[in-house]
Amino acid sequence: MVQKYQSPVRIYKYPFELVMAAYEKRFPTCPQIPVFLGSEVVFESRSADGAVHVVERSCRLRVHPENEEWTCFEQSASLDIRSFFGFESALEKIAMKQYTANVKRGKEVIEHYLNELISQGISHIPRWTPAPVREEGARSQAGLGDPGSLEVHGPRSTQGPAEEMDGTEGDKLDADYIERCLGHLTPMQESCLIQLRHWLQETHKGKIPKDQHILRFLRARDFHLDKAREMLCQSLSWRKQHQVDLLLQTWHPPALLEEFYAGGWHYQDIASCVGHMDTKGLMKAVGEEALLQHVLSVNEEGQKRCEGNTRQFGRPISSWTCLVDLEGLNMRHLWRPGVKALLRMIEVVEDHYPETLGRLLIVRAPRVFPVLWTLISPFINENTRQKFLIYSGSNYPGGLVDYLDKDVIPDFLGGECLCNVPEGGLVPKSLYLTEEDQEHTEQLHEWRETYQPASVLRGAPHEVAVEILEGESVITWDFDILRGDVVFSLCYAKQAPQAGPREPGARASGQLMDKGGTQGADYSPVEAPLICREGESIQGSHVTRWPGIYLLQWQVHGPPGNVVEDVLTPLHSPGPRCKLLYYYEVLASEDFRGSMSSLESCTSRFSQLSATTSSSSSSQSHSSSLVSR
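Residues numbered from 1 in each chain as written. Predicted model: local features only at pLDDT ≥ 70, side-chain atom pairs only at ≥ 80, totals over all residues. Heavy atoms only, no water.

### Observations concerning the pairing of strand β7 (residues 263–266)
Now for step 1: Of the pairings in the sheet, the one linking β7 to strand β8 (residues 269–273) comprises 4 bridges and is antiparallel in character. Residue pairing across strands places H266 opposite D269, the latter belonging to β8.
Now for step 2: The hairpin formed by β7 and β8 contains 2 residues between the paired strands, and Y267 there has a positive phi angle of roughly 60°. (Pairing = 2+ DSSP bridges. Helix = DSSP H or I, 4+ residues; strand = E, 2+ residues; numbered from the N terminus.)

### Points about unusual backbone geometry
Now for step 1: The residue D222 is not glycine, and still its phi comes out positive at about 50°.
Now for step 2: Topologically, D222 is positioned in the loop between α6 (211–220) and α7 (225–242).
Now for step 3: According to the relative accessible area criterion, D222 is exposed, its value standing at 63%.
Now for step 4: Despite not being glycine, F223 shows a phi value in the positive range, around 60°.
Now for step 5: The topology assignment puts F223 in the loop between α6 and α7. (Buried < 20%, exposed > 50% of the residue type's maximum accessible area, 1.4 Å probe, protein only.)

### Things to note about the nonpolar core
Now for step 1: Counting residues in each nonpolar core, the largest one holds 32 residues, and the members touching the most others are L326, L360, I362, F369, I376 and F388.
Now for step 2: At the level of elements, α11 (288–313), β9 (320–325), α12 (336–352), β10 (357–363), α13 (369–376) and β11 (388–391) are the ones that each hand at least two residues to this core.
Now for step 3: Per-element tally for this core: the top contributor is α13, with 6 residues.
Now for step 4: With sequence-adjacent residues up to four places away left out, L360 is seen in contact with C322, V324, K387, F388 and L389.
Now for step 5: Core analysis: the next-biggest nonpolar cluster, separate from the first, contains 28 residues, W251, V286, L292 and Y353 among them. (Core = buried A, V, L, I, M, F, W, Y, C linked by side-chain atoms within 4.5 Å. Contact = heavy atoms within 4.5 Å.)

### Things to note about the pairing of strand β5 (residues 71–79)
Walk down a regular strand and you will see the side chains alternate between the two sheet faces.
Now for step 1: In terms of strand pairing, strand β1 (residues 3–6) meets β5 through 4 bridges, oriented antiparallel. Looking at β5, one finds that Q6 is bridged to S76.
Now for step 2: As defined by bridge partners, strand β2 (residues 10–12) adjoins β5 across 3 bridges and the pair is classed as antiparallel. Bridge pairing in β5 places I11 opposite C72.

### A word on the pattern of salt bridges
Now for step 1: Tallied over the entire structure, the rule returns 16 salt bridges.
Now for step 2: When the shortest N-O distance is used, the salt bridge between E116 and K25 registers 3.2 Å. Of this pair, E116 sits in helix α2 (residues 88–119) while K25 sits in helix α1 (residues 16–26), and the two are 91 residues apart along the sequence.
Now for step 3: Relative accessible area serves as the criterion here: at 26%, E116 is assigned to the partly exposed category.
Now for step 4: A salt bridge links R364 to D325; its shortest N-O distance comes to 2.7 Å. With a gap of 39 residues between them, R364 in the loop between β10 and α13 and D325 in strand β9 connect regions that are remote in the sequence.
Now for step 5: Assessed through its relative accessible area of 3%, D325 is described here as buried.
Now for step 6: Salt bridges here are not isolated pairs; linked through shared partners, they connect R239, D245 and E300. (Salt bridge = Lys/Arg side-chain N within 4 Å of Asp/Glu carboxyl O.)

### With respect to a nonpolar patch on the surface
Now for step 1: Taken together, the side chains of F84, F85 and F87 present a nonpolar region at the surface, about 390 Å² in accessible area.
Now for step 2: When you line up the elements, F87 lands in the loop between β5 and α2. (Patch = residues over 30% accessible without salt bridge, like charges linked within 9 Å, V, L, I, M, F, W, Y side chains within 5 Å. Areas by Shrake-Rupley, 256 points an atom, 1.4 Å probe, with all protein chains shown as cover.)

### Considering the side chain of N299
Now for step 1: Along the chain, the position of N299 falls in helix α11.
Now for step 2: We classify N299 as buried; its relative accessible area is 8%.
Now for step 3: For N299, the contacting residues outside a window of four places in its chain are W320, V349, Y353 and T356.

### Thoughts on the packing of α11 against α12
Now for step 1: The geometry of α11 relative to α12 is characterised by a closest axis approach of 11 Å and an angle of 35° between their N-to-C directions. For the pair α11 and α12, the crossing hand works out as right-handed. From α11, E288, E289, L291, L292, V295, L296 and N299 reach across to α12, where they touch A341, R344, M345, V348 and V349.
Now for step 2: A class-by-class count of the residues in the contact of α11 with α12 yields 8 nonpolar, 1 polar and 3 charged. (Axes fitted to C-alpha atoms, helices over the stretch in contact; angles between N-to-C directions. Left-handed = near helix turned anticlockwise from the far one by under 90°. Nonpolar A, V, L, I, M, F, W, Y, C, P; charged D, E, K, R; others polar.)

### Observations concerning the packing of aromatic side chains
Now for step 1: Throughout the structure, instances matching the rule amount to 13 aromatic pairs.
Now for step 2: Each ring, one from Y492 and one from W546, has its centre 5.2 Å from the other, and the planes form 45°; the classification is tilted. Placement of Y492 in strand β15 (residues 486–493) and of W546 in the loop between β18 (537–543) and β19 (548–556) is noted, with a sequence separation of 54 residues between them.
Now for step 3: Grouping aromatic residues by their ring pairs yields a cluster made of W477, F479, F488, W554 and Y582.
Now for step 4: Stacked on the ring of F313, the Lys or Arg R315 has its end atom at 5.8 Å from the ring centre. (Phe/Tyr/Trp six-rings, centres within 6.5 Å; stacked < 30°, edge-to-face > 60°. Lys NZ or Arg CZ within 6 Å of the ring centre and 35° of its normal.)

### Describing α13
Helical periodicity: at 3.6 residues per turn, an α-helix aligns residues three or four positions apart in one direction.
Now for step 1: Along α13, 8 of the 8 residues are buried, which leaves the element largely enclosed by surrounding structure.
Now for step 2: Of all the positions in α13, only F369, P370, V371, L372, W373, T374, L375 and I376 are classed as buried.

### Thoughts on the confidence of the model for the protein chain
Now for step 1: Overall, the predicted model of the protein chain reaches an average pLDDT of 77, with 74% of residues at or above 70.
Now for step 2: In the model, residues 136–170 has pLDDT below 50 throughout and makes 77 contacts with residues more than four positions away in sequence or in other chains.
Now for step 3: Contacts from residues 611–621, a stretch scored under 50 in pLDDT, to residues over four places away or in other chains number 21 contacts. (pLDDT = per-residue confidence, 0-100.)

### A closer look at the sheet that holds β7
Now for step 1: The 6 strands are arranged β7-β8-β9-β10-β11-β21 in an open sheet whose pairing can be described as mixed. The open sheet has two free edges, formed respectively by β7 and β21 (607–608), since each of these has just one partner strand.
Now for step 2: Two strands pair when backbone bridges link them, and β8 and β9 are joined in this way by 4 bridges, in the parallel orientation. The residue of β9 that forms the bridge with S272 is V324.

### Some thoughts on the environment of L218
Now for step 1: With respect to the secondary-structure elements, L218 resides in helix α6.
Now for step 2: For L218, a relative accessible area of 0% gives the class buried.
Now for step 3: Those residues in contact with L218, other than ones at most four positions away along the chain, are C192, L193, L196, F223, L225 and A228.

Quick look at the structure:
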């Protein structure tokens, strides 16, 4: 694979003639350096016998937009090793890396000789004036030299300045501009940025993204040019399809979203009180698409703020910090459509706003947080996951002062700043969209596809068997009571129910527990029975203590009757007494232990969230349920 390099435009704040004198001192025995590209022939003649060929050339020069006395230049190179015992690609990369390391030092070396000339009293060299053209039509365009040659732009041009500036078409990147607005880049990183930008200018028919935006995609793919180009092209197509460039002008969040969405901009960063946000209520009141549009508008505004701050502070700012307060987080936030919506938003932001998150600081994380983190962390890119830091201590501002100035830390976290981010709260059910709403019907259909339907008759409970292969796995459940009142319980079966063969972790449902079974001998409850009323939504989890079979059980709630009536009722009942939709999931033990160890290790300082297993484990059983009415 051919390795290519393209330098940004580097600027010497000296006249062209003086820079060339420095080059002569730098290369006293090599008159061919530098080699000029784009020169113009001002005179050419041949002797009658063809033995003498005289050519006089003039460099085609461009005026620097700030100062016509400054000299600009850029370099390009390519390397293609055809055969080297199968190590061609590796050798090309090593050689190009060494070449680019020398290139960046080149300017420093030439400036050394410039200072040496000035110290010798040589600060001005008269400009060369071309002789009158002796032969009409002698001008011709010179051919291109080798790819490692140097293109020089200086203070004069045979064209007018305005015409010459138009000819650049904005395709040049100044090295000083890169340092000032984009940050420190290695020579190869600069080259990747310039090549990708130039490729977009040649092939992309729409609006060319700004350099900061292009650089984010390169960083997201570790400056692998082809991968970054593919990612950026997909994002540009997405932006065009959904008209994202116009989002800040066209999107106006509903008043309900502004009131109950517990998050927003706090100074130049984002603050969010997730624990106080009613995700389920917001999705049922405004819909998932409205929430996604709002998240996109926040990211669009964030990019705009970064550009403004870069200009204001005179240093590159391309990302922001997100402060997430999890006080109040509970099982209600494990509502599966809400978790799926969160994963979708994470995916969209990672695909189209890469490297905009500088760090994400999580504070006041409760004990339920490891369950949520175990659910979502596998879907978060590793580079993004490393930016998640958590602090579960109770002393605030605590470790926040290591990442934020105290005068911008919100007052409710021990800072000195009043935070105006909405506090959120439960969305009244009276504000929910109706099922008849055409836009909402499809969404409700998708939600219901997540769940399994079940009917519960008196005397015939509905049971789901879950096989746990390893202790300290986590069973999570989420169900809605559509009709009637039920009692929910979780039991550990000492013997597997006889429901036919099944794969580990697979589901068996219906009435599985033998009516003659006795508590304590055949099964034991591991969750206290929970009475669930019609219309309620229940989310919960249980950390298993032993491997084996666990039963999720729903039975009709009502006054106890006699045994004969309970047995005959299902046979003569005209229809089901209770109906529900349920969903459950098993989280692997090693993933949950890694999340728990992260939570337990961050009580005195911020620590990175772990996605791997921890050697420490606990034999304690932990469970929690919540009823959302």
